Every structure is written in structure tokens, then in C-alpha cells.
Amino acid sequence: MEYLIEMFRSPVMIVGAVIFIISTVAGALVLKLSKQKVNYKKQTKQEAFYCCLYEEYKKFPILKTYIRVMTKKLSSMSVYSKNEVKEIISKYLTATMASVAGTISAALLIFSDIASVVLCGILAYILITTMLEKRMERINYIVYTQLKYAMESIRLEYMRCNDVVESLETASYGNRIAKIMERIHGVLISTNGELKLKEFFESTPFKPVQTLAYVCYSINNTGDGYDAEGNSTFISTLLIMNKDINQELERQDYQFMKFGKLEYLTLIPIPCIPFVQWFLLKYMPGTSIIIEGMAGYVIRILIIVACIYCYDYISKANSMHVVKEDDRILFIFNLLKNKFIFHFVKNITPKNRKRRLLKQKLENAFSKKSIEELYVEKLLYAMAVFAFGIMLFLSATIAGRNYMLHYTGSLSMISDEKDYKDKNGKPIYTKKELYDMDLTYIGLRNKGKFNFDRLQGSLLESGQEELTKLIRGTMPTINDLQVEDQKTRLAKKYDWLQKVHFYWYYIDISFVIAAAGFFLPNLNLKKRSSFLKEEEEEEFLQLQTIMTILMSMNCDTMEALEHLTQVSTIHKDMLTYCYQGYASNPIAELSNMIEKTPIPDFKRFIEKMKMTVDELSLEEAFVDLIQNREHICNTRDEVLKNNIDKRRNKCGQRAKVPFMMTLILLFVFPLMYMGFTEMMSGINELQDI
């Protein structure tokens, strides 16, 4: 309780509390407004308000890129209209600003340094962005569920009427996909269906919906086919798609069961930091040399950085799409448009064989970055880490020195506060009186008084009486033993203050850390490659599933390539290049694609496609896919679950890191340091005897 009272006495804390209250009220009003049920006319006004707010937010240069990315993500779900997208983004941007302001205010209450407050603000931004992505994933799950039931309804209606258009008209749909199904129906009845279908693909990038639209359009145009057993191609295709959707829903359920809310465990150490510090300072005041000194400041920053990193890592690993399709950074891309910067970076990039090897690494990671972009990112990381290191050491020096200068408590292992309190528990001497005494002592020491005899480890006789008078002048009621304790405290405090400076080798340490920061993009590329390996396997299995649908629709190789290009993410570039150059030289383009992919099974897959150019049909070349359909599905299910288990194990280990750092660095290390110091002091006293 005393800890909280002391915090609230600070003017900065009072301002922080006011900001926190205002931001909390504003955030509550926004959430209440977003959940409020209103009539149609009021809803229209609300939509107009959020659309205007969206346009205002777009005028801010800092928010422009964020808005563009979020708009693209929400639009890609194919379930929101333009106004709904603008409304969602406006709400979340407002919530983001309120959360950042609220988190900064809370950080001001918990921490007293600017670096910790800034890091907490960054954490708030990451948190709200992750929440938006989680909401998109929940909507994605709902869309998958409604699409599954919609296809069941279409299949039953088609068995009744044997007409694709009529089955779409009479089938029942969920509210999230009703507009999508209306647009598919519009494509089928349009006089220019092929153009409408391409427009639908561009505006609706949701892969299962694209596949359904393509299947409905093809069957409606070419007519249904039947196999030797009399099974309808359309119905078989719908059953295959339904099974794939069930598998995807099972995967999402399994991932949620495995991960749960694991990422939020990494944030628990942040609010625990002040309570651990308060406990140690309350009952073991000697640990203040570490906790409130330079070492404690650095430890606190490292714990917060570890919490942010682990939360970001686990939240990304727990998302449905682990790897970004486009990993380029817009700021770096625009930075390279400057000729001077481009030529400078071009000169420091590797040449000849090293350049080819680096380019191969980028291609294996399916990265869209150029080598120049990668090196600009390396330089920016190094500069940012160097600046952060200098700021950290400088802030730690200032904060540690300032705290110790104003600290008037005991520096021994065990607290002796009770010895300096009256019967009612109130301090006999105020902090102001003790602080003035400490300043007087420091001033006299700086002038050469109270020098220690280095051989004896104690004050010379000439200084003993004068120091005793100084202490008793401020604390007249203490006994001789307490006077000796005060002498020891003052000596420790002065010696510690003399050691706390910004030393030249801190710059060297910052350079070393910056060198490590220079290689961070390499680690990110390696992490992307490891995650991408899992994604590649998953997508290849999906492409096999799509091929089983395409081969039953009697389409040619070029049409198959076009559809595979539309549903692919990781292999999209190579499939696009192959599709665009297919008409001029199909064999050469397919051979180039074989060289680009690192997956052996995908190479064999493309080899079969080469045979379909002149020799075989898709159905003849890929007949084994149908025969091995059950095996492919089981393999895919096992691969997906194994990948989720691997990610969960990695994330479980990282979730422990902030807890272990808090326990070891913030709790155990100060105790070990003080115990070692007291032990060495006792040994020295025994030697003097």
C-alpha cells in the first residue's frame, strides 16, 4: 500500500492517471457505440460517420500504410462491403489510439522511465493489431462453416432439380455468404460470364469460394459428367470440397485447442515487475543497489523486450496464415528510390558467388525482397539497435544515479526501518532531513574529508568525530551502533555514486549489439524459411486436392494452371510466370517451374503436367490422385497436425522465457549479489580482527 501511495505522490503519475481515466472512458464509449443496436436510419448516419472518420485517418501519413494493409486484409475475406470495411477499420483505429494512450498511462503508473513507457506503447499497438487479426480469423471460421452448409444445401437442391442455376436460387445460405452466393448466381446468368468470373476472382480472393464459383461456372457451361459408376461430377466435386472444408475446420479447432490463449501468458511478467521490486526493496533494502541501479534498469528493459518479442512470435505462430505473402517493407522500398541510397547499398552488397547464394536463400524463402532491400533492412536494424543501446545505457546511468542520490534507506541485507520509527510506526526523521545529511556528506567527501584508510578499510581517527557530529546533528536520538550503521550506509552510497557514470566502453558494447542487429534480418529469413517449409507442404497438398477437382471437369492444362494460380499463395509467382508464358513455349515454362521449386513431390507433380501438354489428358495423368485420394487426405491431416504440434512446442518454450528472466534476473540475481557482498564484507571484517 505504501508503494502505491508513494507512486501517486509524483506529478507525472498524477498526469498519467488523468490520461488513463480519459482514455478508458473514451474507449468504453467507442465499444458501447459499436455494440449499440440502432434502427436503419440511425445506422446509416453511423456508417456515414465512420466513413468520414476513415477518410480523416487516411490523411495521416503514419496511418496510411496501416489502413491500406488492413483494408486489403478485410476485403480479402469477401464478406464485408466497402462501407463495412471502413467502419471496422475506423473503430479499431480509434480503439488502437485509446489502447495505446491507456497503456502508456498505465505504464507511467508502473514505471518511471521513458524507455519502459515507450515499449509498453509499442506493445499496445501490437496487441490491438493482433486482436483485429484474431477477429478476422473468427469471421473466417464462420464463413467456412456457413460455406460447408451452403454446399450441402446446393448438393441436395441439385439432386432434386439437376440444374446448377436453380439449385443456387433455392439453396439456403448463412448471412455472411448470402451476398457471395448472389454474385456467383449473377456470374452464371450473365451473357459475359467469363469476364464476370474474372472480376469475381479479383474482388473475392477467398480460395474455397473461388473454387466453388469456378466449378459452378464450368458445370453450367459444359454440362455435368458421369463416371463409370454413374456418379455426377458436380456432386462428387462438392463432396470433395466439403471434405476439405471439414478438414480445415478440424485444423482450426485443433490449433485452438493446442494454443488457446498461450500468447497472453508472456505478458504476465510486465505487471509483476513493480511488485517484485517493491517486495525486495521493502524487506531487503540492500537490493536497491541492483534493482534501482543501472543493472536493474537494463534488466527491466530486457524483460519487457522479451515479453513483446515472445508475444509477437507466439501470436504469429498461432495465426491461420503464419507466413506473409509479401514480406517487403514499404518504407524500405520507397527509400531505395533515392539514387544516392541505392548506389551506396549497391556497393556494400555481396558480389559474384556470394550474391548468387544470397539470392538463392531469398528464393528458397519465397521472399519478394531484393538483395538491396535486405541490406537496407540490415543497416536500419543495426542503426536502431545502436541507438537503442546508447539510449538504454544513458537512461540507466541517469535513472540509477538519480535514484541512489535521493535514496535515504538502508543498504544492508535486512531492513532496519523499525529502528527509526516511533511507537505509532511513524518515521522519526523525515526523508528531507536524511537527504540533506547525505548531500552534506557527499559534499565533504568531494572536498577530501572522511577519506578511508585503504589498508585498514575504515576511517582515520581524525575523521571519526567529525562524521559522528554530522550524523548526530541530524539524528540525535540514535545509539552508537546505529551511528556506525549510518557511517557504513553513507560510505556505501558515496562509493556507489562514484561508480555510476557513462563509461566509454558502453559505446563499444552498443556497437557489438548493433552488429548483432545487423544479422537480425538473416534470422528472420531463416525463421520464414522454417515456417514456409510447413506452409509449402500444406499448400502442395491443397493443390493436389484442387487438381482432383479440375481433372474431373475436362479442362486443359492452361485452364488448370490459371485456376492453380488463383488459389495458390506461396507458389503464386512461379505459377503466374508459367501461365503467362505457357502459350509461347509450354514445355520450357513448366521446366523452369521445376527448377524453382525445392519440393521433390511438387517437381513430380509438374512433370505429370508436362505430359498433359501433348500426350495425356489431366484425368489420365493424375488418375492416381483419385485412387490415392483417401491417402492424400490422411497425409495432409497428419502433416497439418504435426506442423501445429511443432509450432506449439516451440511457442511453449518461448512462453517460459519472460517468466524465467523475471525470476532469475529480477529476483534471484539481486539476492545472490547481496549475499555475496555481505559474505565478502564479513570475511574482510574477520581478517581485520
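Keep in mind that this is a model prediction, so the values were computed, not measured.

Caption draft 1: Structural detail: the overall build of the chain. Secondary structure assignment for the chain yields 31 helices and two strands. The burial tally for the chain puts 45% of its 689 residues in the buried class. Across the chain, contacts joining residues at least 24 apart in sequence account for 74% of those joining residues at least 6 apart.

Caption draft 2: Layout of the side chain of E373. Structurally, the position occupied by E373 is in helix α19 (residues 371–406). At 2.9 Å, the side chain of E373 and the backbone nitrogen of S370 are in polar contact. Apart from residues lying up to four places away in sequence, E373 is in contact with R328, I332, F333, L336 and K368.

Caption draft 3: Structural context of the packing of α19 against helix α22 (residues 480–499). Here α19 crosses α22 at 160°, and the two axes come no closer than 10 Å. Judged by the angle between their axes, α19 and α22 are roughly antiparallel. Crossing of α19 over α22 shows left-handed handedness. Residues G400, R401, M404 and L405 of α19 pack against K493, W496 and L497 of α22. Taken together, the residues of the contact of α19 with α22 sort by class into four nonpolar, one polar and two charged.

Caption draft 4: Focus on the packing of aromatic side chains. Applying the stated criterion across every chain, the model contains 16 aromatic pairs. With centroids separated by 4.8 Å and ring planes inclined at 10°, the aromatic side chains of F393 and Y506 adopt a geometry described as stacked. Within this pair, whereas F393 is found in helix α19, its partner Y506 is found in helix α23 (residues 505–518), the two being separated by 113 residues in sequence. The buried category is assigned to Y506, whose relative accessible area is 9%. Measuring from centroid to centroid gives 5.9 Å for W504 and Y505, while their planes differ by 80°, and the two rings are edge-to-face. In this structure W504 comes out as exposed when scored by relative accessible area, which is 63%. You can call Y505 partly exposed: its relative accessible area is 35%. Ring-pair connections join several aromatic residues into one group, and the members of that group are F393, F502, Y503, W504, Y505 and Y506.

Caption draft 5: Geometry of unusual backbone geometry. Despite not being glycine, N162 shows a phi value in the positive range, around 60°. Mapped onto the fold, N162 is located in the loop between α6 (114–161) and α7 (164–170). By relative accessible area, which is 48% here, N162 ends up partly exposed. Not every positive phi belongs to a glycine, and N352 is a case in point at roughly 55°. One can find N352 in helix α18 (residues 352–364).

Caption draft 6: Seen up close, helix α25 (residues 557–567). Restricting attention to buried positions, one finds in α25 the residues T557, A560, L561, H563, L564, T565 and V567. Between a side-chain oxygen at the N-terminus of α25 and the backbone nitrogen of M558 the separation is 3.4 Å; the capping residue is D556.

Caption draft 7: Quick peek at the nonpolar core. I184, L212, F234, M547, L564, F605 and F622 are the most contacted members of the largest nonpolar core, which has 86 residues in total. Here this core gets eleven residues from one element, more than from any other, and that element is α6. Beyond its immediate chain neighbours, meaning those up to four positions away, I184 contacts L168, F200, V209, L212 and A213. The next biggest cluster of nonpolar side chains, apart from the first, holds 33 residues, and it includes L108, I270, V276 and Y311.

Caption draft 8: Region of the structure containing the environment of V209. Looking at the secondary structure, you find V209 in helix α10 (residues 207–222). In the structure, V209 is positioned 66 residues away from V143 in sequence and 9.7 Å away in space, judged by C-alpha atoms. Ignoring any residue separated from it by four or fewer positions in sequence, one finds V209 in contact with L147, I180, I184, F200 and T204.

Caption draft 9: Up close: a nonpolar patch on the surface. Taken together, the side chains of L394, I398, F502, I507 and F511 define a hydrophobic patch exposed on the protein surface, amounting to about 450 Å² of accessible area. Mapped by element, the contributors of at least two residues to the nonpolar patch are α19 and α23. The topology assignment puts F502 in the loop between α22 and α23.

Caption draft 10: Local environment of the pattern of salt bridges. Within the structure shown, the criterion is met by 17 salt bridges. E263 is paired through a salt bridge with K134; the nearest N and O atoms lie 3.8 Å apart. On the criterion of sequence distance, the pair formed by E263 in helix α12 (residues 262–265) and K134 in helix α6 is long-range, its members being 129 residues apart. Counted as one network, the salt bridges with shared partners bring together E157, R160 and E166.

Caption draft 11: A look at a negative patch on the surface. Together, D227, E229, E619 and E620 line one region of the surface with negative charge. Considering the arrangement of structural elements, one finds E620 in helix α29 (residues 618–621).

Caption draft 12: Quick peek at the confidence of the model for the chain. The pLDDT averaged across the chain works out to 78; a share of 85% of its residues lies at or above 70. When the criterion is pLDDT under 50, residues 1–12 qualifies, and its contacts beyond four places in sequence or with other chains add up to 15 contacts. Counting contacts from residues 453–457, a segment whose pLDDT is below 50, to residues more than four positions away or on other chains yields four contacts.

How each quantity is defined
Residues numbered from 1 in each chain as written. Predicted model: local features only at pLDDT ≥ 70, side-chain atom pairs only at ≥ 80, totals over all residues. Heavy atoms only, no water. Helix = DSSP H or I, 4+ residues; strand = E, 2+ residues; numbered from the N terminus. Buried < 20%, exposed > 50% of the residue type's maximum accessible area, 1.4 Å probe, protein only. Contact = heavy atoms within 4.5 Å. Polar contact = N/O pair within 3.5 Å; in protein donor to acceptor, adjacent residues only side chain to side chain. Axes fitted to C-alpha atoms, helices over the stretch in contact; angles between N-to-C directions. Parallel < 35°, antiparallel > 145°, perpendicular 65-115°, else oblique. Left-handed = near helix turned anticlockwise from the far one by under 90°. Nonpolar A, V, L, I, M, F, W, Y, C, P; charged D, E, K, R; others polar. Phe/Tyr/Trp six-rings, centres within 6.5 Å; stacked < 30°, edge-to-face > 60°. Core = buried A, V, L, I, M, F, W, Y, C linked by side-chain atoms within 4.5 Å. Patch = residues over 30% accessible without salt bridge, like charges linked within 9 Å, V, L, I, M, F, W, Y side chains within 5 Å. Areas by Shrake-Rupley, 256 points an atom, 1.4 Å probe, with all protein chains shown as cover. Salt bridge = Lys/Arg side-chain N within 4 Å of Asp/Glu carboxyl O. Lys, Arg positive; Asp, Glu negative; His and termini not counted. Charge placed at Lys NZ, Arg CZ, Asp CG, Glu CD. pLDDT = per-residue confidence, 0-100.

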